[in-house]
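Here's the letter readout for the chains.
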Amino acid sequence: MYRHRIPMTLLATMIAAAFATAHAADAPTPAPADQQQTTDARSADAQNTQSGAQKKPATSGTEASSQNAVNLSGVVVTPLRESLQSAQSIKQDSRMIVDSIVAEDIGKLPDNSVADAMQRITGVQVAQGFQGETNSVVIRGLPNVITTLNGREIFSGVGRSFAFQNLPATAVKTVQVYKTSEASLPAGGIAGLVDMQLYRPFDFDGPKAAATFTETHSKYGDHNDPNGSLLLSDRWKTDIGEFGALMNVGYDKQHYAYNAVWNDFPKVLTGANGTPIRTNDGNLISMPNGFGADYNIGDRTRQEFNYALQWKPNDSTEVYVEGLYDWDSDSYNQPFYFSFPVGSVDPTSVTVGNHCYANQLTGSPYQGQTICDATSGSWTGNTYAATSTQAHQQWGHDIQNSIGAKWHGDRLNLSTDLSFNSSSFHDQTFIVDTFLKAPVTTVWNGGNSWALAGNPANDPSQYYLNGLFQTWNNQRGTQTAWRGDGTYDLNGSFFQYVDFGLRYSDHKAEYAGSVEVSTPPPGGTGAISANPNPANQVIARFPSGYFCSQPSTDAIPAHWLSGCYNYLVNNADAIRNLYGLPSGLAAENPGRYYQIDEKSYSGYFQFAYGNEMFGLPYDGLLGMRIERVKRNLDAFSYDASTNVYSPLSANTSAPVYLPNASFNLHIKDNLQLRLVAAKTLTYPGFGQLNPSLSLNPGTINRAGIASSGNPDLKPIKSNNYDASLEWYFAPASYVSGGLFYRDINGYIQNYVTDVTIGGQPYQLNSPQSAGSGHLFGGEFAYQQFFDFLPEPFNGLGVQFNYTYIDGSTRSPQYIGGPVVTSPLQNVSKNNGNAVLMYEKFGWSARLAYNYRSRFIDGFTQPTVEGVNDEIKPANQVDFSLGYDVNQYFTVVFNATNILGADLHQYWGDGNTRPRDVRYQDRTYGLGLRFKM
């Protein structure tokens, strides 16, 4: 009951604050209140209806250009100012709470990729994946985001969301993040919606040509890589109307190295006989189960092509055809290096710190006893140390084509849009494991630093063949979608216009994967480590060309050997035959197959209202979206007792009702208060619904990995409440503050559980619907150019934003465990950006710092520290500099992560149980932009 009172208190506080500042001094603003109040429906089109932009009167292309000109009161209009002014206008004029980024110039977002650029938006957090690029985007701590391209839903592979890294930044005009929802927006994201807008020919007054080329050097990748783009556009007036055509191509090459050094899960330190080793005080000792490294060294190419054709036969009608194609190919080597001595032999030395706590390992005979974290140790004996080479080949594409029309009359606007989406992703992985002959001495220096004494890992004669493991998966997703939208001008004194629309989509997802079995080498391994089979010595089986030296890191300063990527890929069939396997890819595994067909039917209606209250104009929306999803799932269930897969089918059909209401009070021309309430939902991911079981067998001292979906997952539902107060005190300058609250039910989280399948231990990763939860927080944003300073300092500007987030949900501590209140995954309490800008005399510079505090990445199997897996992000400083040689050419310089920040991951809270240190790359790029 208490939680539901919070939004009303927050909203009341915001209203009071708004009226307290109602007499602030006026400042010039590009969007006066009379324009904001305009509700003439003649200007509405399909995209504005979907995106929630306020309705404006219809204008011709020339008139629109004139009206959009920015009056900076004598200040020279420059690309950076213009982009910030455009983003400010989008925020101010939107019917919802929206933040955005706008390209400074054609082909120029403020960062190298769309995903990276989004981290500058208030309330958006990003994270890098193991392939050296940003691949995770969350809004206010929640990953449940729906993505649209030019207003149409787009996705990658068998997912529901789009992989932002697939689209080069050079193709994008704007990226808008909708933090609140209304009836015309597609359902599917409790966190929000991200709409990416590409250029169209009618965006320009006439012919346009633009090109970019940049050469980028990465520190760890140690290559100079090119990326570039070319845009050509024109429009013509003919006897049958005006035509426009645009094409844009992009190319991005990257050699990368994303290296990680890790400690395995913490456990009670024992000797070889299994008896715990205790401190002098009689306390237990927490020690990592093992130590390792995971490098990711690859070569990736991305290509993009988009086009747009527009035809206006008359002033009230437009027909368009547009499309996007992107391709991704990635070849990367993922060598592993690890040692698992803990519990196998007695330690020769151990040091222990003073961080002690109650052992939280559920079911352990030592649960509740005091345990202290070790700070170093060494082990000598017959222990398992090994390297493994994983050769990955990945490729995929995203395609969207659409055709549509828009018509506007005096009071009625209509639009229709038919789109076709196609996406695929393919992965082939070939792995050869090798182990080192024992005895070996493992030395852990604390933190993530460890080594094998004498560095036997750099001696080819010490290696022997272990298992061969191969896997592949193919993902395909298609969607046919149609929508029709309309707006009718009611011309009333209170109700001003009504939005209405219908949408249908047929979304298919299919996933297939191979059998995953580790095949032992010919003749077996022998007594592994101590007395290996001499016939399987690597240099005996592969006399030359097999080994490559892997790079060192601060944590592992010595080089070590693993199989060469090219050797494995070029000799895959010969190696298969050596292991007694047939040539070609492994057979398909029924347990890794599913096919889902999801048909969605939805309709909405929404009334816009407006009037005056106490002499202050106000407006808002009242709407409802109704949607029914019919889902058919075909997959296979697995019986562990018989090792038999059986086909299964599951069907789902349920309606959902999503109401929304908003209220915008225009306290002054440049000061407004927004209050928004809406119900939103997110459907489970297709892979999360697959009940089949995938098994990856374990190794010595480490359980196997199993994964399974859950067909009983329900949509995540959320009641959302938002308040925002915004003051636009000058062009490209504003201050805004906001509060938000989410009442969430059924949040889906992944859990890792220890299970036994076929008599073998596995760690099962599976999703479960949690109980009720909530998320709340506040945002603050400030942006200004200091035009009042004397020259040359009047080119300075700053951007600053900060977001506080807190949230929790009631869920099982682990599958089958007690229900507890735990923090939400991905939620960093403190998040922010600080940007210093300068634009003057043809120079444009930007120094940006991004901050995100520690957060829970997931929940592991129970360990001595509990179940939390926490990340301390790498908070980067980036820099960009441009100089206009003339009106056509600009020289640019970009640098990312200039201070060399790294990501750190921990088992539980504190810093005494490190899990990963991930070395994030530093890049420098020099390039040229051209436009005319």
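Conventions and cut-offs
- Note that residues are indexed from 1 along each chain, following the sequence as it is written.
- This being a predicted model, a pLDDT of at least 70 is required before a residue's local features are given, and a value of 80 or more before pairs of side-chain atoms are given or counted; all residues contribute to the totals for chains, interfaces and linings.
- The side-chain values count all of the structure's non-hydrogen atoms but skip hydrogen atoms and water molecules.
- Counting from the N terminus, the helices are the DSSP runs of H or I reaching at least four residues and the strands are the DSSP runs of E reaching at least two.
- Here the term buried applies to any residue with accessible area under 20% of the maximum for its type, exposed to any over 50%, and partly exposed to those in between, with areas from a 1.4 Å probe on protein chains only.
- In what follows, a contact means two residues having at least one pair of non-hydrogen atoms within 4.5 Å.
- We get accessible surface area from the Shrake-Rupley algorithm with a probe of 1.4 Å; when it comes to residues, only the shown protein chains can shield them.
- The criterion for strand pairing is that DSSP finds at least two bridges linking the strands in question.
- Helix axes are fitted only over the stretch in contact, all axes being lines through C-alpha atoms; the angle between N-to-C directions runs from 0 to 180 degrees.
- What makes a nonpolar core is a set of buried Ala, Val, Leu, Ile, Met, Phe, Trp, Tyr and Cys residues whose side-chain atoms join them at distances within 4.5 Å.
- Salt bridges are identified by distance alone: a Lys or Arg side-chain nitrogen within 4 Å of an Asp or Glu carboxyl oxygen.
- Two cysteine sulfurs form what is called a disulfide whenever their separation falls within 2.5 Å.
- Candidate patch residues must exceed 30% relative accessible area and have no salt bridge, after which like charges are joined if within 9 Å and Val, Leu, Ile, Met, Phe, Trp or Tyr side chains if within 5 Å.
- Each Phe, Tyr or Trp ring, with Trp reduced to its six-membered ring, pairs with another whose centre is within 6.5 Å; inter-plane angles below 30 degrees give stacked pairs, above 60 give edge-to-face pairs, and intermediate values give tilted ones.
- Per-residue confidence from the predictor is reported as pLDDT, which spans 0 to 100.

1. Description of the overall build of the chain
When helices and strands are tallied, the chain shows ten helices and 50 strands. Here the chain holds 932 residues, and 57% of them are scored as buried. When contacts within the chain are restricted to residue pairs at least 6 apart in sequence, long-range pairs at least 24 apart make up 73% of them. Within the structure as shown, the chain displays about 35500 Å² of accessible surface, and the carbon and sulfur contribution to it stands at 56%.

2. Let's talk about the sheet that holds strand S5 (residues 152-153)
Hydrogen bonding along the main chain pairs the strands of a sheet, whether they run parallel or antiparallel. Here we have five strands laid out as an open sheet, ordered S1-S6-S7-S4-S5, and mixed in their pairing. Since the sheet does not close on itself, it has two edges, and those belong to strand S1 (98-102) and S5, each with one partner. As paired elements, strand S6 (residues 172-178) and strand S7 (residues 192-198) share six bridges and run antiparallel to each other. Note on S7: the bridge partner recorded for Tyr178 is Leu193. Running at roughly 160° to S1, helix H5 (residues 79-93) makes contact with S1 and S6 of the sheet.

3. Brief notes about the nonpolar core
Residues Met118, Phe164, Val194 and Met196 are the most contacted members of the largest nonpolar core, which totals 47 residues. Top contributing element to this core by residue count: helix H6 (residues 114-118), with four residues. Setting aside residues no more than four positions away along its own chain, Met196 makes contact with Val114, Thr147, Thr148, Leu149, Asn150, Ile154, Phe162, Phe164, Leu167, Thr174 and Val175. In this structure, Met287, Val440, Tyr463 and Ala555 belong to the second largest nonpolar core, which totals 42 residues.

4. Digging into the pattern of salt bridges
Overall, the coordinates contain 40 salt bridges when judged by the stated rule. The shortest N-O distance in the salt bridge between Asp806 and Lys829 comes to 3.9 Å. Highlighted residues: Asp806 in strand S40 (residues 796-812) and Lys829 in the loop between strand S41 (819-823) and strand S42 (830-840), separated in sequence by 23 residues. Judged by its relative accessible area of 21%, Asp806 falls in the partly exposed class. Several salt bridges share partner residues, and in doing so they unite Lys91, Asp99, Arg140, Lys179, Asp722, Arg742 and Glu779 into one network.

5. Observations concerning the state of the cysteines
Going through the model one piece at a time under the given rule, you end up with two disulfides. Across a sulfur-sulfur distance of 2.1 Å, Cys356 and Cys372 are joined as a disulfide pair. Looking down the S-S bond of the Cys356 and Cys372 bridge, the torsion is 105°, so its handedness is right-handed. Here the residue Cys356 occupies a position in strand S17 (residues 347-358), and Cys372 occupies one in strand S18 (residues 370-381), the gap between them amounting to 16 residues. Its relative accessible area of 37% is what places Cys356 among the partly exposed residues. The exposure class assigned to Cys372 is buried, which follows from its relative accessible area of 3%. Here Cys548 is linked by a disulfide to Cys564, with a sulfur-sulfur distance of 1.9 Å.

6. What to know about the environment of Ile528
With respect to the helices and strands, the residue Ile528 is situated in the loop between strand S25 (526-527) and strand S26 (531-532). Distance in space between the C-alpha atoms of Ile528 and Asn466 is 8.7 Å, their sequence separation being 62 residues.

7. Details of the side chain of Lys91
Looking at the element boundaries, Lys91 is found in helix H5. In this view, Lys91 contacts Val98, Asp99, Arg674, Glu726, Tyr728, Tyr734 and Ser736; residues no more than four positions away in its chain are not counted.

8. Quick notes on unusual backbone geometry
In this structure, Pro439 follows Ala438 across a cis peptide bond, with omega equal to 5°. When you line up the elements, Pro439 lands in the loop between strand S20 (412-436) and strand S21 (440-446). Unusually for a residue other than glycine, Arg140 sits at a positive phi of about 50°. Note on placement: Arg140 falls in the loop between strand S3 (134-139) and strand S4 (145-149).

9. Description of the pairing of strand S2 (residues 124-128)
The buried fraction of S2 amounts to four of the five residues, a majority that puts the element mostly inside the structure. The turn joining S2 and S3, which pair antiparallel and follow one another in sequence, is formed by five residues; a positive phi near 75° is taken by Gly132.

10. A short note on a nonpolar patch on the surface
On the surface, Phe841, Trp843, Tyr883, Val885, Tyr888, Phe889, Val891, Leu926, Leu928 and Met932 cluster together into a nonpolar patch covering about 940 Å² of accessible area. For the nonpolar patch, the secondary structure elements donating two or more residues are strand S47 (889-896) and strand S50 (923-931).

11. What about the environment of Glu791?
For Glu791, the position within the fold is in the loop between strand S39 (772-785) and S40. For Glu791, a relative accessible area of 54% puts it in the exposed group. Once the C-alpha coordinates of Glu791 and Lys840 are considered, the two residues, 49 residues apart in sequence, prove to be 9.2 Å apart. Those residues in contact with Glu791, other than ones at most four positions away along the chain, are Lys840 and Phe841.

12. Focus on the packing of aromatic side chains
One pass over the full model with this rule turns up 39 aromatic pairs. Look at Tyr546 and Phe547: their rings are 5.1 Å apart centre to centre, the planes differ by 85°, and that puts the pair in the edge-to-face class. Residue classification places Tyr546 among the buried residues on the basis of a relative accessible area of 2%. For the pair Phe879 and Phe893, a centre-to-centre distance of 6.4 Å together with 55° between the ring planes defines the contact as tilted. Of the two residues, Phe879 sits in strand S46 (residues 877-884) while Phe893 sits in strand S47, which places them 14 residues apart along the sequence.

13. Let's talk about the confidence of the model for the chain
Scored by pLDDT, the chain has a mean of 87; 90% of the residues are at 70 or more. Long-range and interchain partners of residues 1-76, a stretch whose pLDDT sits below 50, account for 156 contacts in this model, where long-range means more than four residues apart.

14. Quick word on the environment of Leu581
Here Leu581 lies in the loop between helix H9 (572-578) and strand S29 (588-613). Its relative accessible area of 22% is what places Leu581 among the partly exposed residues. Linking Leu581 and Leu468, residues 113 residues apart in sequence, is a C-alpha distance of 9.7 Å. Not counting the four nearest positions on each side in its chain, Leu581 is found in contact with Leu468, Gln470, Thr519 and Arg576.

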